[in-house]
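Okay, here's what each chain looks like letter by letter:
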Amino acid sequence: MKKLISLLLAAVMLTGSLPAALAASDTSDSVIEQVVRAAEIMVGDSSGSMNLGSTVTRAEYAKMLVCASAYKDQVSGASNSSPFKDVPYTHWAAGYIKTAVQQGWISGYLDGSYKPNRTVTLEEAATGVLKLLGYTTSDFSGSYPNAQLALYKSLNLNTRITASQGSSMTRRNMMYLFYNLLNTKTKDGQVYAQTLGYTLNSSDEIDYLSMISDTMEGPFVVQNGLSSIVSTAGKTVYRNGYASTADAVQKYDVVYYTGSTVWAYSNAVTGTYQSASPSAASPTSVTVAGNTYEIETSDAAFALSTLGGLHTGDIVTLLLGRDGKAAAALSAEDYSSAVAGVVTSVGTGTFTNSVGNSYTTRTITLTAMDGQSYTYPCSKTSIDEGNIVSVGFGSSGTDVSILKSTNISGKVSGRTIGKKTMANDVRILDVNDTSAKRIYYSRLNGAELESSDVRYCAVNANGEITDLILRDFTGDLYEYGIITSAKETSDDMSLSGTYTYLLNGEKRTLSTMNMTLGASYGPARLTIEDGQLSAVRALYKIKNPDSVTLLGVTKDSDSWLFADDCAVYLYRNSTYSLLSLTELRNNFDKYNITCYYDKDTKDGGRIRIVTVQEKA
């Protein structure tokens, strides 16, 4: 799952057996919200909004208590009797109120009323969740509400909650309270979430991925609009990992949903159906365009089997779901699409045609806009390495054509390049003569793109940039290491060199014949082709920066950013050893520091290597 699983699942293993204070304080609000949504304790309104600033009524709280209990799937709002004189059986929460009161989680008033529209106070909310945890009146030493609030605090159920005694609970505070409840141990010593059937991981923490999967329906393939699959009222919609709308979901998107969230993916792979495993009669995985994909659904397995309509040798499209598995398979003619990218190699391949005969043909390997490599038959000898191409598909096979260069320039700020806006799911490749790498828009933030930096740009109907191919802009396609030894020989008869260098802390040695690299000691950019060191370029340096932050360094009012894989080396006793950036930041004054960067930030550069020596 790519970016969901970008935004939600990306990250998160919930902390269950830890104290709630630690769990909540280490977890973002967005994750906490998704947890209570996934558990369906709290859901959004018809537009999906959680309205976290609003107060919570006693009727709403009764429903939350039931939804956070073992009665979750047994009770609805409907009731055949009126539980209180001010709660008729037709009231939307009558069933929830009846159950919550019968279980002793909340109580009515002496005059026989419940006051469903009155807001819930902190002490009422705290008492309700304590009773869900198994505590009874006999466990509270002291008068109400002091005894209840004392226990509530001792269990760290108050983490992040800003309400005080007597004040009304907002939906935000209630969200924190139920998240803390899920991560708190019951009176009997079991994590509360586990009592509801949620899985814990090996560290006795809530496994959020499992929690989502257990409640998720799907995959479904959109044919006639999202509404034909699920109502989106009250649900948050994500598409390709970004917050979206139901209207943005398109035909052939693969959809999953829970009671509170819809996830849609538009990831498709088109190419020659090369083989099936363990057999074409009953496939569990297939190879298409040189890559193998697991099959997620019985419909896809049938379509790709000998009983279905697709056979080896056909040009097919796989619609991929959240795990990159094939949720559906169809003829490429039914899915009109083309694949754009850069040709990284040319070769030959053996394929099987639709009648089972093998044939060998020229192929190209393409790094597509999704960053993945695919192999396609291509008989055109004019298509070569480094070309930016589009691969189209039809009944007669693949059709490869070179894409024309396009111009765009300007400063990258947030999601804009100059005056052009980037789509939320913009796809960006950086390419050089031998390789290509997918990068993300945040990598370019603050950079200045010249028209010569851009090889290709595509926009959608709204004028948003959807695809962008850069010309060796970021420097991320190279390796960065430290040359520790360079011996070069040049005479009338031959050229040779022997180079020892550190790459990510590992020592490597390479000898060259009939060439030298002009390398010298110190940090450098290394060009490695086919496993061989083919070029070395020195880096610029910043000596003793004024400060080291989480993102980079500053000196004389200028700043430079760290590369994601920036390596820090401690030089001691003529030997380099790896050091963490955290250690460097925490002990900044202890070291003499030199930072090495490839080019300025505005030109896409980053600090690649940092060397430090302990001060005398």
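Model, not experiment: these values are computed from the prediction.

Peer 1: Would you mind going over the nonpolar core with me for this structure?
Peer 2: Soluble globular proteins: nonpolar side chains tend toward being buried together. The biggest cluster of nonpolar side chains holds 77 residues, and the ones touching the most others in it are Tyr61, Tyr152, Met174, Leu177 and Phe178. Considering each element in turn, this core owes the most residues, eight residues, to helix H7 (residues 171-182). Setting aside its immediate chain neighbours within four residues, phenylalanine 178 contacts Val36, Ile41, Tyr61, Met64, Leu65, Ala68 and Val129.

Peer 1: What should I look at first to understand the packing of aromatic side chains in this one?
Peer 2: For any two aromatic rings, the description comes down to two numbers: the centre-to-centre distance and the angle of the planes. Inspection of every chain in the model, using the stated rule, returns 13 aromatic pairs. Taking 6.1 Å as the distance between ring centres and 75 degrees as the angle between the ring planes, the aromatic pair formed by tyrosine 256 and tyrosine 265 counts as edge-to-face. Pair check on accessibility: tyrosine 256 and tyrosine 265 agree, each one buried. An aromatic cluster of at least three residues, connected via ring pairs, comprises Tyr374, Tyr376 and Phe393.

Peer 1: Quick question: what am I supposed to make of unusual backbone geometry here?
Peer 2: If a residue is not glycine, its phi is most likely negative; likewise, a peptide bond is most likely trans. At the junction of tyrosine 144 and proline 145, the peptide bond is cis and its omega measures out at 0 degrees in the coordinates. Its location among the elements puts proline 145 in the loop between helix H5 (122-132) and helix H6 (146-154). In this chain, glycine 218 is followed by proline 219 through a cis amide linkage whose omega measures 10 degrees. In this structure, alanine 289 takes a positive phi of about 55 degrees despite not being glycine. As for its placement among the helices and strands, alanine 289 is situated in the loop between strand E7 (285-288) and strand E8 (291-294). Given a relative accessible area of 1%, alanine 289 falls into the buried group.

Reading guide: rules and limits
Residues numbered from 1 in each chain as written. Predicted model: local features only at pLDDT ≥ 70, side-chain atom pairs only at ≥ 80, totals over all residues. Heavy atoms only, no water. Core = buried A, V, L, I, M, F, W, Y, C linked by side-chain atoms within 4.5 Å. Buried < 20%, exposed > 50% of the residue type's maximum accessible area, 1.4 Å probe, protein only. Helix = DSSP H or I, 4+ residues; strand = E, 2+ residues; numbered from the N terminus. Contact = heavy atoms within 4.5 Å. Phe/Tyr/Trp six-rings, centres within 6.5 Å; stacked < 30°, edge-to-face > 60°.

Without other data, these values stay purely geometric and don't point to any function.
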